[in-house]
Amino acid sequence: QVQVVESGGGLVQPGGSLRLSCALSGSIFSINAMGWKRQAPGKERELVASVTSSGSTNYADSVKGRFTISRDNAKNTVYLQMNSLKPEDTAVYYCNADDVVVAGSSGVLEYRGVWGQGTLVTVSS
């Protein structure tokens, strides 16, 4: 009963910028934390950034000062602004939402975790 659509990935040169977005749709009552993880070829999936429902943020050390996470609660959307991109940022980026409460056909449903399909970011000359 929850749909997730990611967008914003693509090819960018080192030093460039991209903005990722992830929108949840459905009869959503509330969402706890939202965030982004990424997975590069041959590497483990790692946390990039997260933001709570009240706006508190957390970032991986490798992206601090370059990436900014934000959310629009009215639109059930989380964003990731990525500046000063480096080749090592190349990865598939996945958005995640925790504890999503929605109205189902037979009552209220709660999803502990909802994931986007992933969007590819390639940083190369």
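Here, the structure is the one placed above.
Remember, it's a predicted structure, so these values are computed and weren't measured experimentally.

A. Spatial organisation of the overall build of the chain. Each helix and strand counted, the chain has zero helices and 12 strands in total. Start at the N end of the chain and walk to the C end: the helices and strands fall as β-β-β-β-β-β-β-β-β-β-β-β. Taking 2.2 N^0.38 as the reference for a compact globule, 125 residues should give roughly 14 Å; the C-alpha atoms of the chain span a radius of gyration of 15 Å, in line with that estimate. Judged by the C-alpha coordinates and their principal axes, the chain covers about 50 × 25 × 25 Å.

B. Region of interest: the side chain of Arg-71. Looking at where Arg-71 falls in the secondary structure, it is placed in strand 8 (residues 67–72). Salt bridges are absent for the buried Arg-71, whose nearest opposite-charge side chain, Asp-72, sits at 8.3 Å. Side-chain polar atoms of Arg-71 contact the backbone oxygen of Asn-32, separated by 2.8 Å. There is a polar contact of 2.7 Å between the side chain of Arg-71 and the side chain of Asn-73.

C. Here's a closer look at the pairing of strand 3 (residues 18–25). In this structure, strand 1 (residues 3–7) lies alongside strand 3, joined through five bridges in antiparallel fashion. By the bridge assignment, Ser-7 is partnered in strand 3 with Ser-21. In the sheet, strand 3 pairs with strand 9 (residues 77–82) via six bridges, with the strands oriented antiparallel. Of the residues in strand 9, the one forming a bridge with Arg-19 is Gln-81.

D. Spotlight on the packing of aromatic side chains. Inspection of every chain in the model, using the stated rule, returns zero aromatic pairs. The aromatic ring of Tyr-79 is capped on one face by Arg-19, whose charged end is 4.1 Å from the ring centroid.

E. Summary view of the environment of Ala-49. Following the sequence through the fold, Ala-49 ends up in strand 6 (residues 46–51). With 23 residues separating them along the chain, Ala-49 and Gly-26 place their C-alpha atoms 24 Å apart. Sequence-distant contacts of Ala-49, that is, excluding residues within four places in its chain, are made with Gly-35, Trp-36, Asn-58, Tyr-59, Ile-69 and Leu-80.

F. A look at the side chain of Glu-6. Mapped onto the elements, Glu-6 comes out in strand 1. Of note is the side chain of Glu-6, whose polar atom sits 3.2 Å from the backbone nitrogen of Gly-118. Apart from the residues within four sequence positions on either side, Glu-6 is in contact with Ser-21, Cys-22, Trp-36, Tyr-93, Tyr-94, Cys-95, Gly-116, Gln-117, Gly-118 and Thr-119.

Here is what the cut-offs are and how they apply
Residues numbered from 1 in each chain as written. Predicted model: local features only at pLDDT ≥ 70, side-chain atom pairs only at ≥ 80, totals over all residues. Heavy atoms only, no water. Helix = DSSP H or I, 4+ residues; strand = E, 2+ residues; numbered from the N terminus. Rg over C-alpha atoms; globule rule 2.2 N^0.38 Å. Buried < 20%, exposed > 50% of the residue type's maximum accessible area, 1.4 Å probe, protein only. Lys, Arg positive; Asp, Glu negative; His and termini not counted. Salt bridge = Lys/Arg side-chain N within 4 Å of Asp/Glu carboxyl O. Polar contact = N/O pair within 3.5 Å; in protein donor to acceptor, adjacent residues only side chain to side chain. Pairing = 2+ DSSP bridges. Phe/Tyr/Trp six-rings, centres within 6.5 Å; stacked < 30°, edge-to-face > 60°. Lys NZ or Arg CZ within 6 Å of the ring centre and 35° of its normal. Contact = heavy atoms within 4.5 Å.

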